[in-house]
Amino acid sequence: MKFNSSLVYVNVGETYTKGVGYNLNSGCDSDLNNKTVLVYDVPTYFELDTTQLGQKIKLLKSKQYPGFLIETSKYKSLNDYMLDNFNRNSRNKNNKYKRRLEESFNISYKMFYGDISKSEYDFIFKAFKLLLEKRFADKQITNNNLDPKEWSFYYEVAFPLILEKKASLFVVYDNDKPIGVTLSYLSNNTLFDAITVFDIDYFKFHLGSVTIMKLIEWCIDNGMENLDFSKGYFEYKSRWCTKQYDFEYHIFYDSTSVTSKVLASTLKSKYDLKQKLREKKLNETLHKLTHRFTEKESEKTEKVTYQFSDINLSEKEEDCTLVDFKSGKNRALKLMIFEFLYLYQENYNHIQLFQLKNHKNSYLIKGHKKSISVTVKD
């Protein structure tokens, strides 16, 4: 616990923990004399023993974000989980995403848990932050994780926790480049997905679904009872979870102290109101407004559409100019190539791109198995 300026003791890490459990020690009655204690983000599925509270210490609870988890202890394998929770069509789709991703790129996966060098950690965290910035610039909303104070917290605590097997970093690589990163905490045989991000350029390949399947597999293989998606609603969480619950803020106070009682009551009212506003999605509006006044609108991804068609025999390579689409200077061309890879099951390393000399919006894509014409629509 730590003491803050509002005369309230709060748990270390506050809301950055993404989920916390605790135990009450015997004698806490005297320890909490004239005190008010706030514990953020307590999942309701944690069975907490409050018999040690004594007579004068009382507890208030404020329901906050919804939570979602997968009870991985129920399954012997990823396949068992998929059979139990998805129909045949959905299973085929998810397997297709993984297969297409691995066919198109040189993909590898690594879970850092118990061992990571500081240089590798710094490299991943730098990529992690860049991916988050790219993702939320595209969405045109602010993200609390990128607040300098909050990001500094994650950077400082995650490294030692990984070495102690109390946290992990799961990374999806394209060659040596991280294209997906998940920071998780571990507690009571539960893996808490704290922050997940993917390179939005690979959106066609559903990196989110691929990562969830890999995390389920890791949790089952390593004896984790739960894979917890942490707080907040997203459609994918309700689709993959096997159990829903709520996060609560717990407020302990000394009922014999007027100051403590007033503080506790004020805190509960404050957080109850915040949750009501959150349920009305007013927080989403606030994030969008904050981004509008603090970030550059030009960062938003340019939306480009393409029309693919069979190659015209009159289109010869001598009428075209070879384009270096791997330089990263033209993101629209990169996305066009990714679309081609997904649709035609080609590999990135086998692609050549040509621009027709007399048609600035017309291209030829040559793959190992397939060649097509492309028209870029303005």
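Everything below is about the structure shown above.
Because the structure is predicted, anything quoted here is derived from the model rather than measured.

### Side note on the pairing of strand S14 (residues 362-366)
(1) Moving on: With respect to burial, S14 is a largely interior element, four of its five residues being buried.
(2) Moving on: Where strand S13 (residues 352-356) meets S14, four bridges bridge the pair, whose relative direction is antiparallel. Within the sheet, the bridge partner assigned to leucine 353 lies in S14 and is isoleucine 365.
(3) Moving on: Connecting S13 to the next strand, S14, in antiparallel fashion are five residues.
(4) Moving on: As defined by bridge partners, S14 adjoins strand S15 (residues 371-377) across five bridges and the pair is classed as antiparallel. Residue pairing for S15: serine 362 is matched across the bridge by threonine 375.

### Examining empty space enclosed by the protein
(1) Moving on: Scanning all chains against the criterion turns up one cavity of 30 Å³ or more.
(2) Moving on: Considered as a void within the structure, the largest cavity measures approximately 30 Å³ in volume.
(3) Moving on: Taken together, the residues of the lining of the largest cavity break down into two nonpolar, five polar and one charged.

### Describing the pattern of salt bridges
(1) Moving on: Overall, the coordinates contain 16 salt bridges when judged by the stated rule.
(2) Moving on: Lysine 56 is the partner of aspartate 254 in a salt bridge, and the nearest nitrogen-oxygen pair spans 3.8 Å. Linking aspartate 254 in strand S10 (residues 243-254) with lysine 56 in the loop between strand S3 (36-43) and strand S4 (57-70), this pair joins segments that are 198 residues apart in sequence.
(3) Moving on: We note a salt bridge from lysine 98 to glutamate 102, for which the minimum N-O separation is 2.9 Å. With lysine 98 and glutamate 102 both in helix H3 (residues 88-104), this residue pair falls four residues apart, about one helical turn.
(4) Moving on: When its relative accessible area of 32% is taken as the criterion, glutamate 102 is described as partly exposed.

### Focus on the packing of helix H4 (residues 118-139) against helix H5 (residues 148-163)
(1) Moving on: Two numbers describe how H4 lies on H5: the axes approach to 11 Å, and their chain directions differ by 145°. Between H4 and H5 the crossing geometry is right-handed. Two secondary-structure elements touch here, H4 through Lys118, Tyr121, Asp122, Phe125, Phe128, Lys129 and Leu132 and H5 through Trp151, Tyr154, Tyr155, Ala158, Phe159 and Ile162.
(2) Moving on: Broken down by class, the residue content of the contact of H4 with H5 amounts to ten nonpolar, no polar and three charged.

### Here we look at the nonpolar core
Buried together is how nonpolar side chains tend to be arranged in soluble globular proteins.
(1) Moving on: Core analysis: the biggest nonpolar cluster contains 54 residues, and Trp240 and Met336 have the highest contact counts within it.
(2) Moving on: Top element by residues in this core is helix H6 (residues 207-221). It accounts for nine residues.
(3) Moving on: Not counting chain neighbours up to four residues away, the residues in contact with tryptophan 240 comprise Ile70, Tyr81, Met82, Phe86, Asn94, Ser209, Ile212, Met213, Ile216 and Phe229.
(4) Moving on: With 32 residues, the next largest nonpolar core counts Tyr45, Ile124, Phe125 and Phe136 among its residues.

### Description of the layout of surface pockets
(1) Moving on: Approximately 430 Å³ is the volume attributed to the second largest pocket.
(2) Moving on: Looking at the second largest pocket, it is lined by 20 residues, and the ones nearest its centre are Thr17, Gly19, Val20, Leu186 and Ser187.
(3) Moving on: Of the residues in the lining of the second largest pocket, the class split is eleven nonpolar, seven polar and two charged.

### Focus: the sheet that holds strand S11 (residues 305-310)
(1) Moving on: Strand order in the open sheet made by the five strands is S11-S15-S14-S13-S12, with antiparallel pairing throughout. A single partner strand is all that each edge strand has here, and the edge strands are S11 and strand S12 (320-323). Averaged over all adjacent pairs, the angle separating strand axes in this sheet is 30°, with direction ignored.
(2) Moving on: This element, helix H10 (residues 331-344), spans S11, S12, S13, S14 and S15 of the sheet and lies at about 45° to S11.

Cut-offs applied
Residues numbered from 1 in each chain as written. Predicted model: local features only at pLDDT ≥ 70, side-chain atom pairs only at ≥ 80, totals over all residues. Heavy atoms only, no water. Buried < 20%, exposed > 50% of the residue type's maximum accessible area, 1.4 Å probe, protein only. Helix = DSSP H or I, 4+ residues; strand = E, 2+ residues; numbered from the N terminus. Pairing = 2+ DSSP bridges. 1 Å grid on protein atoms, 1.4 Å probe; cavity = no way out; pocket = protein on both sides within 12 Å on 5 of 7 lines; lining within 4 Å. Points joined across faces, edges and corners; volume = space filled by probe spheres on them. Nonpolar A, V, L, I, M, F, W, Y, C, P; charged D, E, K, R; others polar. Salt bridge = Lys/Arg side-chain N within 4 Å of Asp/Glu carboxyl O. Axes fitted to C-alpha atoms, helices over the stretch in contact; angles between N-to-C directions. Left-handed = near helix turned anticlockwise from the far one by under 90°. Contact = heavy atoms within 4.5 Å. Core = buried A, V, L, I, M, F, W, Y, C linked by side-chain atoms within 4.5 Å.

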